[in-house]
Amino acid sequence: MSRASEETEIDARIAALIDLDQIVEDTCDLIAGMGENPGGTEGETVRRLLAICERIGADTELQEIAPGRPNLLAGLGPKDGPAILFLGHSDVVPAGEGWHADPFAPRVLDGEIIGRGSTDMKGGLAAVLAAMAAVHELSPELRLELLCTVDEEDRALGVQAWLADHPPREYLACVVAEPTDLEIVVGCRGAANLNLEVFGGSAHAGRPEDGASSIYGASRIVELVRGFHAEARAGERDALLGTATWNVGTLVGGTGTSMVPRLTELTIDRRTMPGEDAWEILDHLLIAARADIAGSGIPNAERIEVRGTVDMVMPGFRTDEDAPIVRIAARSLTEQQGMPAKITGWTAACEGGFIARHNGTPTIILGPGDINTQAHQPDERVSIEHIGIAARAYASIALGIAQR
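These notes cover the structure that comes with them. Counting of residues starts from 1 at the beginning of each chain's written sequence and follows it residue by residue. With pLDDT at 70 or above as the cut-off, local features in this predicted model cover only qualifying residues; side-chain atom pairs require 80 or more to be listed or tallied, and sums for whole chains, interfaces and linings still use all residues. Note that the side-chain values use all heavy atoms of the structure and ignore hydrogens as well as water.

Description of the pattern of salt bridges
Alright, step 1. Any carboxyl oxygen of Asp or Glu that lies within 4 Å of a side-chain nitrogen of Lys or Arg is treated as forming a salt bridge with it. All told, the structure shown has 22 salt bridges when counted by the stated rule.
Alright, step 2. Glu112 is the partner of Arg381 in a salt bridge, and the nearest nitrogen-oxygen pair spans 3.1 Å. On the criterion of sequence distance, the pair formed by Arg381 in strand E16 (residues 381–383) and Glu112 in strand E5 (residues 112–114) is long-range, its members being 269 residues apart.
Alright, step 3. What makes Arg381 partly exposed here is its relative accessible area of 25%.
Alright, step 4. Put simply, Asp292 and Arg220 hold a salt bridge, and the shortest N to O gap is 2.7 Å. With Asp292 in helix H7 (residues 278–294) and Arg220 in helix H6 (residues 214–234), this pair connects stretches of sequence that are 72 residues apart.
Alright, step 5. Throughout, exposure labels follow a simple rule: accessible area from a 1.4 Å probe, protein chains only, divided by the maximum for the residue type, with under 20% read as buried, over 50% as exposed, and the rest as partly exposed. On the accessibility criterion, Asp292 (22% relative accessible area) is partly exposed.
Alright, step 6. One salt-bridge network, held together by shared partners, links Asp29, Glu44, Arg47 and Arg48. Elements are defined by DSSP. Helices are runs of H or I of four residues or more, strands are runs of E of two residues or more, and each kind is numbered from the N terminus.

Quick notes on the environment of Trp279
Alright, step 1. One can find Trp279 in helix H7.
Alright, step 2. Once residues lying within four places of it in the same chain are set aside, the contact partners of Trp279 are Val310 and Val313. By definition, residues are in contact when any of their heavy atoms lie within 4.5 Å.

Some details on the side chain of Ser332
Alright, step 1. With respect to the element layout, Ser332 can be found in helix H8 (residues 324–337).
Alright, step 2. If we skip the residues at most four places from it in the chain, Ser332 touches Arg392, Ala393 and Ser396.

Some points on the pairing of strand E11 (residues 263–272)
Alright, step 1. Relative to E11, strand E9 (residues 190–199) runs antiparallel, the two being bridged by 10 bridges. Among the inter-strand pairings, Asn193 is bridged to a residue of E11, identified as Asp269.
Alright, step 2. Pairing analysis gives eight bridges linking strand E10 (residues 245–253) to E11, with the strands arranged antiparallel. Following the sheet pairing, Leu251 is matched in E11 by Leu266. Each pair of strands is called paired provided DSSP finds at least two bridges between the two strands.

If you want it as structure tokens, here you go:
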């Protein structure tokens, strides 16, 4: 039998083992588990994941990093065998306003599942577990694992805690089930959260020249960041990842209208390119900010002090487009969709970079739904057809990698 015929036969066996109705039911159940972050915990979602794991016969390991916030590792197959890793997260962003119905009462309408987390990423988690069960039926000697972390949507505390307690392990491949509109993402930028504090001197607003305004100092930093962003965007572009970006996310300062503000705090999002170091970026920003404020003409500028910390770093990653995981994923998606699969980079960041860095694992991001047009929005939704394609692709990737 030719290799193409073998692949076609395997695809048919995978399709026969994956129950799309069950995946839809599991997705809806996970949506109902909520898990808003910040503002909630992921414990109920993980409890529902454990029920699915029990149904498919998976072994499980929990790591509680805070009350009601457990990381979950689910596995099928011998623990000492060659392993494929799937990566996901149990938290969702806050539902917010603008929904046409309860965001955590999932609805199935016109071939889509609607609810907070449907795309990001309860649909992906349900598809992964279905794929793992199908592959285990066909190749029980293959180790399949799902690492589902908490706190991905905020500071990535879950994945960092897991890796801190687990030494590097050799995985054959890692698939991050984030929503990519079924495109194969082979690289993404990293992300760094920078926290800055600007200290000035209080004074009565009737005599502002007696004080040193931290808000005026912070405004200079905002302009610096805007300039850095424009400079980065005008520079050389990576064909896959684009450029670095800067964004001021929050600016909080002052205690009253009649007072010169003593303290102003800024948070800054900096998307990093391969090889960039968050602490070096922070040092460069602090040096530039202090010099700019000193020469700004702000009254008593010499009394203004700027301090900064790196609050969170999420590493990026890049996988060779010729790597087996990419080629196998492309073949499966092309066969299923009747058009060439798209291989691309991602402007967002994800936890796949932690796995690639910690384990040296070939990593891709692939999942149902679109992060730009569906995730983090009112009436978040995911296509049922997408979920089925993703589940079959996950199974094909695992089997294809293992059989090489």
